[in-house]
Number of protein chains: 2
Amino acid sequence: MSRGELARQQSTHLVLAELKAACANCNLREICLPAGLSNEELDQLDNLVNVRRKVKRGEALYRAGEVFDAIYAVRSGFFKSRVTYEDGRDQVTGFSMGGEILGMDGIGQGIHNCDAIALEDSEVCSIPYARLEELAREVSGLQRHFHKMMSREIVRESGVMMLLGVMRAEERIAAFLLNISQRLNARGYSPLEFHLRMTREELGSYLGLKLETVSRAFSKFHNDGLIEVEQKFVRIIDIEGLKQVYAHHVN
Amino acid sequence: MSRGELARQQSTHLVLAELKAACANCNLREICLPAGLSNEELDQLDNLVNVRRKVKRGEALYRAGEVFDAIYAVRSGFFKSRVTYEDGRDQVTGFSMGGEILGMDGIGQGIHNCDAIALEDSEVCSIPYARLEELAREVSGLQRHFHKMMSREIVRESGVMMLLGVMRAEERIAAFLLNISQRLNARGYSPLEFHLRMTREELGSYLGLKLETVSRAFSKFHNDGLIEVEQKFVRIIDIEGLKQVYAHHVN
DNA sequence: TATGTGTTTTGATGTGGATCAAAGGCAACC
DNA sequence: GGTTGCCTTTGATCCACATCAAAACACATA
């Protein structure tokens, strides 16, 4: 495709402008990798983040075992991360939405440790890792924020360990709903009604529960007047009640 | 200080020399933060790592909520990391031995997220975080390896999620013993006999099990001829059998 | 509209590990 | 040597969630 053709295609929906300023124009910049950068620093990052990639629902952004060479910022859509065990058992280890970073698990070994699967048609910004390291050496704000994002991933995971290790089924699900609610809120979406993108089985896998248990908990919360559920659509009716669920345990 | 003086001091008690070359002389340098650095780079890191700290058994290296300003490399001893939940429930999120880094959970929020408690008299090297970030900007090998260590912490935690989410009690304990064995082996200790530093309760907390269940699993493994146990001392008799335990599940 | 496939709900039953309880072992200290 | 305070082991019982089963539902495609 010639440059002229490309430009014509892009003129209709702004792709070129976005390519030239991936982060500066992105409405996720406050919560994504560029958070806290000055305009000048933002420009430098923009030179790096110039490849977008669309991932259709059900497709993998990357798979465990593939060579790692980039991290990804979710621009739109929703992903699950999943590790598969030698014997075929697997577990969902996280869900990622806009502004969140995927792929940091690959840095340690140079090979991805999990699959990242789109749960709806999604788009990511690809960030070549070698160049990110270089740039982080020059732009201390970028370095600092990148470290923070890795650290927060560590903290997030220890939260999941807590959830898996000490909470009972209904607490886990209440905690999950509140977490999603809070993340949507931070992105300017309604914190009280949303579509879950994952199946009951995927959610159960993440929470260490069977799909039937997830379904029963949803039904229970519905009967208790805490939420409305209709398939994957959820409306939180009584958010305080939901918080009570996991404050109100035995012990 | 002349080379002669240095040698003389070292012959007596080594402390000053160690201070001046914390990492260069450390037998953990191959697995710790300085892994892969050149001699010259090592010198630069040594300027940073000049504070040792002893932590007695039962004492905290840091606690959740404290201001984060340094990460720590375990020089000797053994630590548990523990997060405490609002309602008082807590969970052990990891165990750390020589050459491993503690405190990276604090980077994200500038506040420690967990307690790090010594399970035996221990010593750590304190690494001021602000200066580490600076140095990482100059020494790319250090930057790279630091990122790897953070990434490996993420991968380690997703392994624990797997363990908590999909494994049954005996599998968890077999996996734990094999993990300890492998880490001791990497440090030049016997992989087949060792002292556990944690109580059954702490181990249970880490594995999402009650102390009685841990104890029963140890007894079972003993009866099956896989290990010998005497209090905290463990000898692995049949390492292949132990591997079978978690390969040999239902499904 | 029919048809197939995957998802969700709900009920009945089973079980792995928690809980409750008690006794024994070990180390520190007087 | 005896006391005290953990820690560990083992047995008996219980229960939260898994498992098994079946029906209802949603959604895509013909």
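Note: the structure precedes this text.
Here is a short report on the structure shown in this document. (Residues numbered from 1 in each chain as written. Chains lettered and ligands numbered in written order. Predicted model: local features only at pLDDT ≥ 70, side-chain atom pairs only at ≥ 80, totals over all residues.)

**What to know about the pairing of strand β8 (residues 122-128) of chain B**
Residue and element names in this part refer to chain B. Threshold: One bridge is not enough; two strands pair if DSSP finds at least two bridges between them. The way it works is that DSSP assigns letters per residue, a run of H or I at least four long becomes a helix, a run of E at least two long becomes a strand, and they are numbered from the N terminus.
Relative to β8, strand β1 (residues 51-55) is paired through five bridges, and the arrangement is antiparallel. Residue pairing across strands places Val51 opposite Ser126, the latter belonging to β8. Sheet analysis places strand β3 (residues 70-76) next to β8, joined by six bridges and oriented antiparallel. Paired with Ile71 across the strands is Ile127, a residue of β8.

**Some thoughts on the interface of chain A and chain B**
We apply this condition: It is the C-beta atoms, placed from the backbone, that decide contacts: two residues are in contact if theirs lie within 7 Å. Just so you know the grouping, Ala, Val, Leu, Ile, Met, Phe, Trp, Tyr, Cys and Pro go in nonpolar, Asp, Glu, Lys and Arg go in charged, and all remaining residues, Gly too, go in polar.
Counting residues at the interface gives 37 residues for chain A, matched by 37 residues for chain B. Elements with a minimum of two residues in the side of chain A that touches chain B: β5 (90-97), α4 (129-138) and α5 (140-166) of chain A. Per element, the largest residue contribution to the side of chain A that touches chain B is 19 residues, and it comes from α5 of chain A. Looking at the side of chain A that touches chain B residue by residue, the classes come out as 14 nonpolar, 13 polar and ten charged.

**Structural notes on the relation of the copies chain A and chain B**
Going by this rule: Overlaid copies result from least-squares superposition on C-alpha atoms, with residues included only where pLDDT is at least 70 in both.
Structural alignment of chain A on chain B gives an RMSD of 0.0 Å, achieved by rotating through 180 degrees and translating 0.0 Å along the axis. In symmetry terms, the pair is related by a two-fold rotation axis. The rotation axis passes nearest to the C-alpha of Arg137 of chain A in chain A, at a distance of 2.1 Å. The fraction of interface residues of chain A whose copies in chain B are also interface residues reaches 100%, indicating that both copies meet through the same surface.

**Overview of helix α6 (residues 169-186) of chain A**
All names here are of chain A. As a reminder of what qualifies: To estimate how far a helix should reach, multiply one less than its number of residues by 1.5 Å. With C-beta atoms placed from the backbone, the exposure class of a residue follows from how many other C-beta atoms lie within 10 Å of its own: 20 or more, buried; 12 or fewer, exposed; in between, partly exposed.
The terminal C-alpha atoms of α6, which comprises 18 residues, lie 26 Å apart, in line with the 26 Å expected from a rise of 1.5 Å per residue. Among all positions in α6, only Glu170, Arg172, Ile173, Ala174, Ala175, Leu177 and Ser181 are buried. The elements touched by buried residues of α6 are α5, α7 (200-207), α8 (211-223), β11 (233-236) and α9 (239-247). Where α6 terminates, the next one or two residues include Gly188, which has phi positive at roughly 85 degrees.

**Some thoughts on the packing of helix α6 (residues 169-186) of chain B against helix α8 (residues 211-223) of chain B**
All names here are of chain B. Short version of the rule: Between N-to-C directions, angles cover 0 to 180 degrees, with each direction set by a line fitted to C-alpha atoms, over the stretch in contact for helices. Relative orientations are named as follows: roughly parallel for angles under 35 degrees, roughly antiparallel for angles over 145 degrees, roughly perpendicular for angles from 65 to 115 degrees, and oblique for any other angle.
Contact geometry of α6 with α8 gives a least axis separation of 10 Å together with a crossing angle of 75 degrees. Taken together, α6 and α8 sit at an angle that is classed as roughly perpendicular. Across the interface between the two elements, Ala169, Glu170 and Ile173 of α6 pack against Thr213, Val214, Ala217 and Lys220 of α8. Residue composition of the contact of α6 with α8, by class: four nonpolar, one polar and two charged.

**Observations regarding the protein's contact with DNA strand D**
Using the following cut-off: Placing the C-beta atom from the backbone, one calls a residue near a molecule or strand if that atom lies within 6 Å of it.
Residues in contact with DNA strand D amount to 19 residues; listed here are only the nearest, Arg168 and Thr213 of chain A together with Thr199, Ser215 and Ser219 of chain B. Those elements giving two or more residues to the surface near DNA strand D turn out to be α8 of chain A together with α7 (200-207) and α8 of chain B. The biggest single contributor to the surface near DNA strand D is α8 of chain B, with six residues. Taken together, the residues that form the surface near DNA strand D break down as five nonpolar, six polar and eight charged.

**Some points on the sheet that holds strand β9 (residues 193-195) of chain A**
Residue and element names in this part refer to chain A. Taking strand neighbours across the sheet as the criterion, the three strands line up as β9-β11-β10 in an open arrangement whose pairing is antiparallel. The sheet terminates laterally at β9 and β10 (227-230), the two strands that pair on one side only. The mean angle between the axes of side-by-side strands here comes to 15 degrees, regardless of whether they run parallel or antiparallel.

**Description of the protein's contact with DNA strand C**
In the region of DNA strand C, 19 residues are neighbours, and Thr199, Ser215 and Ser219 of chain A together with Arg168 and Thr213 of chain B sit closest. Broken down by secondary-structure element, the contributors of at least two residues to the surface near DNA strand C are α7 and α8 of chain A together with α8 of chain B. Examining the composition of the surface near DNA strand C, we find that six residues originate from one element, α8 of chain A, more than from any other. Looking at the surface near DNA strand C, its residues break down into five nonpolar, six polar and eight charged.

**Quick notes on the environment of Arg197 of chain A**
All names here are of chain A. Of note, Arg197 is situated in the loop between β9 and α7. In this structure, the C-alpha to C-alpha distance between Arg197 and Leu119, residues 78 residues apart in sequence, is 6.0 Å. Filtering out sequence-adjacent residues up to four positions away, Arg197 remains in contact with Phe78, Leu119 and Glu120.

**Comments concerning the nonpolar core**
Going by this rule: By our criterion, buried Ala, Val, Leu, Ile, Met, Phe, Trp, Tyr and Cys residues that link up through C-beta atoms within 7 Å make up a nonpolar core.
Counting residues in each nonpolar core, the largest one holds 139 residues, and the members touching the most others are Tyr72 of chain A together with Tyr72 of chain B. Those residues in contact with Tyr72 of chain A, other than ones at most four positions away along the chain, are Leu61, Ile101, Leu102, Gly103, Val124, Cys125, Ser126 and Ile127 of chain A.

**Section: unusual backbone geometry**
Notably, Gln231 of chain A is not glycine yet its phi reads approximately 55 degrees, a positive angle. Note that Gln231 of chain A resides in the loop between β10 and β11.

**Brief notes about the sheet that holds strand β10 (residues 227-230) of chain B**
All names here are of chain B. With antiparallel pairing, the three strands of this open sheet are ordered in space as β9-β11-β10. Since the sheet does not close on itself, it has two edges, and those belong to β9 (193-195) and β10, each with one partner. The mean angle between the axes of side-by-side strands here comes to 15 degrees, regardless of whether they run parallel or antiparallel. Note that β10 and strand β11 (residues 233-236) share four bridges and pair antiparallel. Bridge pairing in β11 links Glu230 to Phe233.

**Some words on the packing of helix α3 (residues 39-48) of chain B against helix α4 (residues 129-138) of chain B**
Residues and elements named next belong to chain B. Formally: Crossings are classed by handedness, with left-handed meaning an anticlockwise turn of the near helix from the far one by less than a right angle and right-handed meaning a clockwise turn.
In the contact formed by α3 and α4, the axes pass within 10 Å of each other and the chain directions differ by 165 degrees. By the angle between their directions, the pair α3 and α4 is classed as roughly antiparallel. Our pair here, α3 against α4, has a crossing hand that is right-handed. In this structure, α3 contributes Gln44, Leu45 and Leu48 to the contact, and α4 contributes Arg131, Leu132 and Leu135. Per-class residue counts for the contact of α3 with α4 are four nonpolar, one polar and one charged.

**Remarks on the pairing of β11 of chain A**
Residue and element names in this part refer to chain A. The alternating pattern of β11 places Val234 and Ile236 on a buried face and Phe233 and Arg235 on a face that is not buried. Sheet topology places β9 next to β11; three bridges connect them, and they run antiparallel. Paired with His195 across the strands is Phe233, a residue of β11. If you look at the hairpin formed by β10 and β11, you'll find two residues sitting between the two strands, and Gln231 has a positive phi there, around 55 degrees.

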